[in-house]
Protein chains: 2
Amino acid sequence: MAHSESGTASPTPRRPQLSQSARPATFNVATINEQGQSGTAAIAGEHPLTIYVDKREILTLMTLGAAPEALVIGYLRNQRLVESIDDVLAVQVDWEVNAVSVYTRNGLVDLDEKMAHRTKTTGCGSGTVFGDLMADIDTIHLPDTQYSPRLRQSTLYALSELVRKHETIYKQAGAVHGCALFSTTPELLYFVEDVGRHNAVDAIAGMMWLDGVDGSDKIFYTTGRLTSEMVIKAAQMDVPFLVSRSGLTQMGYEIAKKVGMTMIGRAVNKHFLLFNDPGRFVFDVVIAANDE
Amino acid sequence: MAHSESGTASPTPRRPQLSQSARPATFNVATINEQGQSGTAAIAGEHPLTIYVDKREILTLMTLGAAPEALVIGYLRNQRLVESIDDVLAVQVDWEVNAVSVYTRNGLVDLDEKMAHRTKTTGCGSGTVFGDLMADIDTIHLPDTQYSPRLRQSTLYALSELVRKHETIYKQAGAVHGCALFSTTPELLYFVEDVGRHNAVDAIAGMMWLDGVDGSDKIFYTTGRLTSEMVIKAAQMDVPFLVSRSGLTQMGYEIAKKVGMTMIGRAVNKHFLLFNDPGRFVFDVVIAANDE
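As the structure is a prediction and not an experimental result, all values here were calculated from the model.

## Regarding the overall build of chain A
Tallying secondary structure elements over chain A gives 9 helices and 15 strands in all. Looking at chain A residue by residue over its 292 residues, the buried ones come to 51%. Long-range contacts, defined here as pairs at least 24 residues apart, represent 57% of the contacts in chain A between residues at least 6 apart.

## Section: the pairing of strand S5 (residues 56-63) of chain A
Residues and elements named next belong to chain A. Counting buried residues along S5, 6 of its 8 residues qualify, which places the element largely inside the surrounding structure. Across 7 bridges, strand S4 (residues 47-53) lies against S5 in antiparallel orientation. Among the inter-strand pairings, isoleucine 51 is bridged to a residue of S5, identified as leucine 59. Turn length for the S4-S5 hairpin, with the two strands adjacent in sequence and antiparallel, is 2 residues, and the turn residue aspartate 54 shows positive phi of about 50°.

## Structural notes on the sheet that holds strand S1 (residues 17-18) of chain B
Residues and elements named next belong to chain B. With mixed pairing, 5 strands are arranged side by side in an open sheet as S1-S6-S7-S4-S5. Two strands close off the open sheet at either side, each with one partner strand: S1 and strand S5 (56-63). Both strand S6 (residues 88-94) and strand S7 (residues 99-104) contribute to a ladder of 6 bridges, which runs antiparallel. Across the sheet, the residue bridging to valine 91 is valine 102, located in S7. The sheet strands contacting helix H2 (residues 68-78) are S1, strand S4 (47-53), S5, S6 and S7, and the helix crosses S6 at an angle near 130°.

## Observations concerning the domain arrangement of chain A
All names here are of chain A. You can read the domains of chain A as domain 1 (2-31 + 40-137) and domain 2 (151-282). Domain 1 puts 34 residues into the contact, and the matching count from domain 2 is 39 residues. Looking at which element gives the most residues to the side of domain 1 that touches domain 2, the answer is helix H2 (residues 68-78), with 7 residues. Partitioning the side of domain 1 that touches domain 2 into residue classes produces 20 nonpolar, 11 polar and 3 charged.

## Topic: the sheet that holds strand S7 (residues 99-104) of chain A
As a general point, the strands of a sheet are linked pairwise by backbone hydrogen bonds and lie either parallel or antiparallel. With mixed pairing, the 5 strands of this open sheet are ordered in space as S1-S6-S7-S4-S5 (chain A). In this open sheet, the two edge strands, each paired with only one partner strand, are strand S1 (17-18) and S5 of chain A.

## A word on the pairing of strand S2 (residues 26-33) of chain B
By the bridge criterion, 2 bridges tie strand S14 (residues 271-275) of chain A to S2(B) in an arrangement that is antiparallel. Across the sheet, residue Leu273(A) finds its bridge partner in S2(B), namely Asn33(B). As defined by bridge partners, S2(B) adjoins strand S3 (residues 38-44) of chain B across 7 bridges and the pair is classed as antiparallel. Each residue of the ladder has a partner; that of Phe27(B), found in S3(B), is Ile43(B). As consecutive antiparallel partners, S2(B) and S3(B) are separated by 4 residues, and within that stretch Gly36(B) has a phi angle of approximately 80°, a positive value.

## Comments concerning the packing of helix H8 (residues 228-236) of chain A against helix H9 (residues 250-259) of chain A
Residue and element names in this part refer to chain A. Look at H8 against H9: their axes get within 7 Å of each other, and the N-to-C directions meet at 25°. The angle between the axes of H8 and H9 places the two elements in the roughly parallel class. Relative to H9, the crossing made by H8 is right-handed. Together, Ser228, Met230, Val231, Ile232 and Ala235 of H8 and Met251, Gly252, Ile255, Ala256 and Val259 of H9 make up the contact between the two elements. Of the residues that constitute the contact of H8 with H9, the class distribution is 8 nonpolar, 2 polar and no charged.

## Notes on unusual backbone geometry
Both trends apply: most residues other than glycine have a negative phi, and most peptide bonds are in trans. A cis geometry characterises the amide bond from Thr185(A) onward to Pro186(A), with omega recorded as 5°. With respect to the helices and strands, Pro186(A) occurs in the loop between strand S9 (177-182) and strand S10 (188-194). One non-glycine residue, Arg80(B), adopts positive backbone phi at about 50°. Among the structural elements, Arg80(B) can be located in the loop between H2 and S6.

About the criteria used
Residues numbered from 1 in each chain as written. Chains lettered and ligands numbered in written order. Predicted model: local features only at pLDDT ≥ 70, side-chain atom pairs only at ≥ 80, totals over all residues. Helix = DSSP H or I, 4+ residues; strand = E, 2+ residues; numbered from the N terminus. Buried ≥ 20, exposed ≤ 12 C-beta atoms within 10 Å, placed from the backbone. Contact = placed C-beta atoms within 7 Å. Pairing = 2+ DSSP bridges. Axes fitted to C-alpha atoms, helices over the stretch in contact; angles between N-to-C directions. Domains from an automatic or database assignment. Nonpolar A, V, L, I, M, F, W, Y, C, P; charged D, E, K, R; others polar. Parallel < 35°, antiparallel > 145°, perpendicular 65-115°, else oblique. Left-handed = near helix turned anticlockwise from the far one by under 90°.

What follows is the structure in structure tokens.
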């Protein structure tokens, strides 16, 4: 499924009508520090955003609000409620009422069935549908290692450094996770921070659809942990490389193994751990045992 | 509401029949490090656990599985599906089928209404009901500052140190958040790590119910961010002090202000930021400007 999606990408993708309604990312509030001194600190925004599709209420996300239109498109994509970006006619965010109205060409796919199923699986993987996704993981096969692009160790170091420079909200306010998509150059294609990991990855999925970007030769980076949900979403986007400076969970590991994903965890400075690589990673930097 | 709950606590609380089914917290998997050397690393467990109450399927949580019985009781408490621990007759976890069977005295409170509502609010605050909780936040009032216990700066430092010593899973495998409940002594009453922040706080809510522990003179500590969900849950447990070494979000801040909660963020080494204290915090340590 992920393959056929990426196969439909065209050089001039059709774009739905979109509002441009990013919220301010941080807000200043009064603080007292350990010396008893008054001051102010930046804190990250967190706003409810209720999704209506063709006037039907679907659910409410809590988001920083940096890329709400792409977030909602990516959410519908990753939940497989919409099959193609061509089915999305318009996405209009209205922060006056904390709502987003989505209009589709053909309605949502199996909405009632999926809503019923979600009732059973809510709470999984930070609030998004899980059972459905797991059921379909068998149908996902990442590009064969033989034909797949390679990730070089030097590229890994370069892209980690690019992320570090882009984390503007995290540096100011903390309390957010960042996700990024890279080419193997490495070029930073997208970078999104949000109060929820699942939102940041959904927003990137939305941007990829909007721009007709194929995931099969890309690297997905996240500052957050590699849980089952994160791995499933990367696999759905067809991305063969998943990198994090945090750790991973057993289920994330097992799903990555099943779909043949190259996983890199604990990537901090020169250190990293490579999990489950089917031959795509290339060691091209000599690191002495006592190097940082 | 939180008050009347804590008011029912008795010195010898009634305990439901509980299984004792903790899962192993970590698993070893094969890795290759930055020098190309093979090795193994511990990763955190992550398991689906489907909750059945009186034989009806409610939802599936993803959990480390360290305290599944308390987690499920705390989940039902924090969603206000059960009004008192006395209503819980038995909690039986069976990892063979990744399921937990809960038996209640009187069934769940407004289950159908809440399930319908949840359908609308899924995805909020890491996967748990949100709209309902927010609606009732107006009814929660934390203990008046005048009669409330105080938190001393020296106590804050002591309890942060106690947490640091207890983070066994985090130190081994990362990818988990820890939550703890302290008395003002400070004595560490409970400490739970889980792959989800919301699970760790729910498990502590369950333990408090099982042991008849009142929150109104306690301190809640979390390694994770102070989002709306975390603040709402602490407020429901009647806890006036919420401490984190991470940052906070705007909505977490606003809810804390509304209920009169003393919030401390970015508590690392001697540093911290005090947000929204209505007079409960006592500075009793002299910190020079260039101290760590």
